[in-house]
Structures are given as C-alpha cells and as structure tokens.
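Examination of the molecular architecture
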2 protein chains.
Amino acid sequence: MARDLRDLSCCAINTATLGFQVPIGKVIDAVAKAGFGGIAPWRREIEGGDVTAIARQIRDAKLKVTGYCRSTYIPAVLREDWRKNVEANRVAIRDAVTLGAETFVMVVGGLPKGSRDIKGARAQVQEATTELLALGKSLGVKIALEPLHPVYAAERSCLTLLSEALDWCDAIEGKTDNPWLGTCIDVYHVWWDPNVRNDINRAGKAKRIFNFHVCDWMVPTTDVLNDRGMMGDGVIDVKGLRNVAESAGYSGLVEVEIFSADNWWKRPMDETLRISAERLATAS
Amino acid sequence: MARDLRDLSCCAINTATLGFQVPIGKVIDAVAKAGFGGIAPWRREIEGGDVTAIARQIRDAKLKVTGYCRSTYIPAVLREDWRKNVEANRVAIRDAVTLGAETFVMVVGGLPKGSRDIKGARAQVQEATTELLALGKSLGVKIALEPLHPVYAAERSCLTLLSEALDWCDAIEGKTDNPWLGTCIDVYHVWWDPNVRNDINRAGKAKRIFNFHVCDWMVPTTDVLNDRGMMGDGVIDVKGLRNVAESAGYSGLVEVEIFSADNWWKRPMDETLRISAERLATAS
C-alpha cells in the first residue's frame, strides 16, 4: 500500500542532491517553492552560520527537516581522538535540535588510519552511539544509523549491512515500542543485499526506519562516490524497496539524495528539483 | 593452527596476478621455478590453444591446478541467450577437466541489460549451477561459486555474500559429506562482512571452501576493478581470515590473485612472484 509520490508533501530533498551551488537560504526557498514537504541539510551549510535563523526560515517555509547530515566519523587510533569525534557529534546534535531535525544521520566512519581491526572500529562506533543516543533522547532528536555500501567499509563506514545496523539498535537501545535509535535506509547502499527485503521489513516492524533515501545505481558507475543516478536511470528497484518499507509501516518522507559530480550537480537547481519530483512519481 | 606459508607448496598463483604479459607456457615455467605449488589459469590463456599440451606442461612442472577461471556470465534477458551462456560454461568445464583443475570457478554475472530484477538473475544462476554441477560431477571437476564484492552486483555478480553462496550450495546440492559444489572465497570480496568469520567457519565445516584467494584492499582504492593490493599493503586482516578457514578444515592451496593495472601488472613477472612469496609468508 505504497503512497502516491505525486504528493510531494511525502517527499524531501537532501541538499547534497543540489551540489551545494548556492547558500542554504536559497536552497530552502527553491525546495519549498518546488513543493517538497521536507529538506535535509548538511553541516557544511549550517555550521558557522546563524543556525537559529536558518531554522526559522525552514519553519516559515513549512518544510520538515527529515535529517541533519551527518556525523563526524567515530573510529580513531587514540582514545583522545575518539573523544574529540564524539564531542563534535554532540555539538552537531545540538544544531540538529535547533533545526528541528527529526533525526541526526550517522555515517559512522571506517577504519582508523593504519588499522586492520574492523571489529574494533565497530566497537568504537557502538560505544559512541550509546552516548549520542542518550544525548539525542534527552534533547528530542532521534539517531539514525546509516549502513553504507560495503565499497565504503574501509574509509567511510564500518557499518555496512542493514541487518547489522538493526542488531546494533537492539543491542544498544533494547526492544522498545518508541525507539530513539533507528536506521537511515538508502537504496543505493542496500539494494544488492539478498536479505534486503527481509531486513527492511524487520526495520519497519521495529519502527526503526527513520529516514528513507532514494537515488539509483548507474551502469556503468564511473565513480562509486559521486556518480549516483536519478531514480529510473539505473538498476535499483526503488519502488519495490519503498513498497516493502511502507508495507512494514514506514510513513516518513521519501528523500532524494544524489551525489553526482558530473551530471546533476552541474544542472540548474530548479531542473534537478523538477526532475526529482517527476521521478519520485514515476520511478520511486 | 594455520600453516606456515613459507612453504610455497601450500601456495598458488592465479595467473591474473601477472597481468597476462606473456603466453601461458612462460607463466607456467616462472610459477614453477619460483617454487609455488599451484597455478590457476584463465580461459583467455587456454581457449584456442592446445589444451592437452598446456595441461601436460603444468603436470610436468608438478603444479596443481587449483581452479580454472572463470565462468561465462549466466543471466540473460532471453532464454536462448541463457542457454548459450550455459553451453559456453559446459565447454569450459571440459577444458577444466583436461587441465586437471580442482575446480571450475564461477563468477556468475550480474543483471541482464535493462533489468532491475536481481532476484530473477539469481534464479537464473541457480538453475544453471544445478546443470553445471551435474556435468562437473560426472567429469570429475568441482564447481566453486565465488561471491563477489557487492560493488560488482550490477555488472559482474548478483551473488555477493558468502552466506548466500552457502545457502545456494545447500539448496542445490543438499547436505553432503563429499560436496562437489562449494565456494571460492576471496578476501577482497568478503573482508568487510560483519558475518565473514562465521560464514568462513560454516563453509569450512561443510567442506565447501574449494579455493581461497588472497590480495588486499588498498586505501584509497583508485579503481574497484583493477586496483587491488599485495597482501600487507592494504587493510584486510588476511592472516586472520585464513586462520578461520584453516581452523575450519581448509587444507587447499592459498592462491594469490591481484588485479592491479597500474602497479603489479607493470612489474616484471619474477618480481611479482618473489614479492608474492614474501607476503604470503609475512602478511597472509
């Protein structure tokens, strides 16, 4: 029983999709004018600015803030550097609260420099998440763990499988009907997983889908970091995966997040927003 | 109780490591002269040549043939093209038998052109594998399914997780003490998986580790296809993973397979063989 995404109030734009071409104020206006129901800004657009004023502008534009992207990477060789990383995230969570963000999105980081100990990196992230969850809960912002595609395991995220993210949620927060720790599911990262439908269903039933990101996997992919495609241009069954999420209870916004240095980031913002809206309706 | 890989009789060279710079006859001589116990040739070096003569040269050099690389991709849009793919693999399996290969290595293929149906692709592969297993068993060559890193899911292998490969083995062949269907485990493809140690253990206990490939994941990786590293130069705990395999009963050769267009393939063959031997001893 998936929603009809011609209703853009169900849809959000992650500002990374627009390539950070203009200041956040103009992005907010453009996203609202295009009719979307939400926005997900990045720290590079917020930190150093007047967070309260930006938050007011977003509120006045009647946009929800689906998520605030993203965490400082956690794992470190030295304990003192781990602590610095955690502190940076504590600051970011306070900004997430100011923004009225529904979630703080955690891209957790890969292996510390020189390390081959991915298990140790995961333990560091779990410890940090326990602390950040407590802060988020006390301030009113949910923590969304985003498992990343395994191609990023070394440098960006030792957390790869959705099932692992859900295991961490269970281990850190325990079973609960009102979770503050959940997942950010991005089809780009999980589409290939033979267990993805089961795992999305598990996440939905546990009320642990906090964000749902869409884009597409291009064939060929020229750059695994910045050659993501617009929904419909690649090989991901975006609509099928969204159906699983919504059938399992997900009712949050569907968020477009496309890293695309050579294509979408070079287009005028309004064109990307227009085509995003079309493809949400037809190919998501 | 892992083996001491200073004993090169436990070790094999996959000829892709040497970049296909010279004809297979010279590669065989170099690998044997360097002291390795085995070799894994590719079809591009064999097909169109005198397979019987090559097989004789390998035998005379006292080299085992760990595996014959690799299958024609299976999935296709049209049934007739699927059949052609299966037939090409039947021919290759006969060559594997002539070579005395222990296994025929299956890299199964990704999505057919224009398809988003990865589940359908997997079904096509399972059907083909059932048929190729029957042929291999009748002729005396084992079939090794190689799960590939998820970054290749679209274009090279809809089979990604080791656990999935093992599930397929169980489904296709059933439980058996003398399996003809198993897996080719390459650390490059599975190192990131949070379940990898459990899965390698499961594979070993089921006697379904048929091949064990080593190399390394470089940071950064400039090209996910052809920028693999020499063991010790990257972030994979190669020795740790090999220990799991051998503790679970794996006693086959440890095979070096490095795709490295800008580094190892540019070096003289003897240098790559010498350093492979060193790194097997120290970093594998």
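Given the structure is predicted, the values throughout are model-derived calculations rather than measurements.

1. Observations regarding the relation of the copies chain A and chain B
Once chain A has been moved 0.0 Å along the axis and rotated by 180 degrees, it coincides with chain B to within an RMSD of 0.0 Å. When the rotation and shift are considered jointly, the pair of chain copies conforms to a two-fold rotation axis. Relative to the rotation axis, the closest C-alpha in chain A is found at A:Val151, a distance of 3.0 Å.

2. Brief notes about the pairing of strand β8 (residues 209-214) of chain A
Residue and element names in this part refer to chain A. Taking burial as the measure, the 6 residues of β8 include 6 buried ones, the bulk of the element. Where strand β7 (residues 181-186) lies against β8, 4 bridges are found, and the strand directions are parallel. Note that in β8 the partner of isoleucine 185 across the bridge is phenylalanine 212.

3. What to know about the interface of chain A and chain B
Taken together, the contact pairs 29 residues of chain A with 29 residues of chain B. Interface area, chain A with chain B, both sides summed: about 2200 Å², of which 66% is carbon and sulfur. The largest share of the area that chain A buries against chain B comes from A:Arg116, A:Trp192 and A:Pro194, three residues that together contribute 25% of it. At the boundary of chain A and chain B, one finds 0 salt bridges. The interface formed by chain A and chain B includes 8 residue pairs in polar contact (both at pLDDT 80 or more). Broken down by class, the residue content of the side of chain A that touches chain B amounts to 16 nonpolar, 7 polar and 6 charged.

4. Brief notes about the sheet that holds strand β4 (residues 68-69) of chain A
Residues and elements named next belong to chain A. Strand order in the open sheet formed by 9 strands is β3-β2-β1-β9-β8-β7-β6-β5-β4, with parallel pairing between adjacent strands. Bordering the open sheet on either side are β3 (64-65) and β4, each of which pairs with just one other strand. Helix α6 (residues 162-173) contacts β6 (142-145) and β7 of the sheet and is inclined by roughly 170 degrees relative to β7. Across the sheet, helix α9 (residues 238-247) lies against β8 and β9 (254-256), angled at about 170 degrees from β8, the strand it touches most.

5. Looking at the packing of aromatic side chains
All chains considered together, the criterion is met by 15 aromatic pairs over all chains. Pairing A:Phe20 with A:Trp42 gives two aromatic rings, centres 6.1 Å apart and planes at 75 degrees, and the pair type is edge-to-face. A residue pair is termed long-range when its members are at least 10 positions apart, and A:Phe20 in the loop between β1 (11-14) and α1 (24-33) and A:Trp42 in the loop between β2 (38-40) and α2 (43-46) qualify at 22 residues. In terms of burial, A:Phe20 and A:Trp42 fall into one category: buried. Both rings, one in B:Tyr68 and one in B:Phe104, keep their centres 6.4 Å apart while their planes meet at 50 degrees; by these two values the pair is tilted. Here B:Tyr68 is found in strand β4 (residues 68-69), whereas its partner B:Phe104 is found in strand β5 (residues 103-106), with 36 residues between them in sequence. Classification of B:Tyr68 by relative accessible area gives buried; the value is 0%. Owing to a relative accessible area of 0%, B:Phe104 belongs among the buried residues under this scheme. What links up through ring pairs into an aromatic cluster is the set A:Phe20, A:Trp42, A:Phe259 and A:Trp265. Cation over ring: A:Arg79 sits above A:Trp82, and NZ or CZ is 3.9 Å from the ring centre.

6. Structural notes on the pattern of salt bridges
Tallying each qualifying case throughout the model produces 44 salt bridges over all chains. B:Arg122 serves as the salt-bridge partner of B:Glu164, at 3.2 Å between the closest nitrogen and oxygen. Within this pair, whereas B:Glu164 is found in helix α6 (residues 162-173), its partner B:Arg122 is found in helix α5 (residues 118-139), the two being separated by 42 residues in sequence. Here B:Glu164 and B:Arg122 have matching classes, each one buried. A salt bridge links B:Arg228 to B:Glu257, with the shortest nitrogen-to-oxygen separation between them at 3.8 Å. One end of the pair, B:Arg228, is in the loop between β8 (209-214) and α9 (238-247); the other, B:Glu257, is in the loop between β9 (254-256) and α10 (269-283), and 29 residues separate them in sequence. With a relative accessible area of 3%, B:Glu257 lands in the buried category. Here the residues in one salt-bridge network are A:Asp167, A:Asp170, A:Glu173, A:Lys175, A:Arg202 and A:Arg208, joined through shared partners.

7. Some details on the sheet that holds strand β7 (residues 181-186) of chain B
Strand pairing within a sheet occurs via backbone hydrogen bonds; the two strands may be parallel or antiparallel. Residue and element names in this part refer to chain B. Read from one edge of the open sheet, 9 strands run β3-β2-β1-β9-β8-β7-β6-β5-β4, paired in parallel fashion. Looking along the sheet, the strands with just one partner apiece sit at the ends: β3 (64-65) and β4. Where β4 meets β5, 2 bridges bridge the pair, whose relative direction is parallel. By the bridge assignment for β5, tyrosine 68 is matched with phenylalanine 104.

8. Quick notes on the confidence of the model for chain A
Confidence in the prediction for chain A averages 97 pLDDT; 100% of positions are at 70 or higher. For this predicted complex, the interface confidence comes out at an ipTM of 0.97, alongside a pTM of 0.97.

9. Quick look at the packing of α6(B) against helix α8 (residues 196-205) of chain B
All names here are of chain B. In contact at an axis separation of 9 Å, α6 and α8 are set at 25 degrees when each is read in the N-to-C sense. Taken as axis vectors, α6 and α8 run roughly parallel relative to one another. Relative to α8, the crossing made by α6 is left-handed. Residue-level inspection shows Leu162, Ser163, Leu166, Asp167 and Asp170 of α6 in contact with α8, the latter providing Asp199, Ile200, Arg202 and Ala203. Considered class by class, the residues forming the contact of α6 with α8 number 4 nonpolar, 1 polar and 4 charged.

How each quantity is defined
Counting starts from 1 at the beginning of each chain's written sequence and moves along it residue by residue. To read the labels, note that chains go from A and ligands from 1, taken in the order they are written. Totals for whole chains, interfaces and linings use all residues, but because this is a predicted model, local features are given only for residues with pLDDT of at least 70 and pairs of side-chain atoms are given and counted only at 80 or more. Processing note: side-chain calculations cover all non-hydrogen atoms of the structure and skip hydrogens and water entirely. Copies are brought into register by a least-squares superposition over C-alpha atoms of residues with pLDDT of at least 70 in both. Only protein chains enter the area calculation, which uses a 1.4 Å probe; residues under 20% of their type maximum are buried, those over 50% are exposed, and those in between are partly exposed. The way it works is that DSSP assigns letters per residue, a run of H or I at least four long becomes a helix, a run of E at least two long becomes a strand, and they are numbered from the N terminus. At least two bridges found by DSSP between two strands is the condition for calling them paired. Contacts are residue-level and defined by heavy atoms, with any inter-residue pair within 4.5 Å sufficient. Accessible area, probed at 1.4 Å, shrinks when two parts are joined; the buried area is that loss added up over both. What makes a salt bridge here is a side-chain nitrogen of Lys or Arg within 4 Å of a carboxyl oxygen of Asp or Glu, nothing more. Between N or O atoms, a polar contact is any pair within 3.5 Å; within protein, one atom must be a potential hydrogen donor and the other a potential acceptor, and residues adjacent in sequence are included only when both atoms are from side chains. Gly is put with the polar residues, along with every residue not named as nonpolar or charged; the nonpolar set is Ala, Val, Leu, Ile, Met, Phe, Trp, Tyr, Cys and Pro, and the charged set is Asp, Glu, Lys and Arg. Note on method: axes are straight lines fitted to C-alpha atoms, helices fitted across the in-contact stretch only, with angles between N-to-C directions ranging 0 to 180 degrees. Pairing of aromatic rings covers Phe, Tyr and Trp, the last through its six-membered ring, and needs centres within 6.5 Å; plane angles under 30 degrees mean stacked, over 60 mean edge-to-face, and all others mean tilted. Two conditions define a charge located above a ring, namely a distance within 6 Å from the ring centre to NZ of Lys or CZ of Arg, and an angle within 35 degrees of the ring normal. The predictor attaches a confidence to each residue, and that confidence, scored 0 to 100, is pLDDT. Angles below 35 degrees are treated as roughly parallel, those above 145 as roughly antiparallel, those between 65 and 115 as roughly perpendicular, and all remaining angles as oblique. For a crossing to be left-handed, the near helix must be turned anticlockwise from the far one by less than a right angle; the clockwise case is right-handed.

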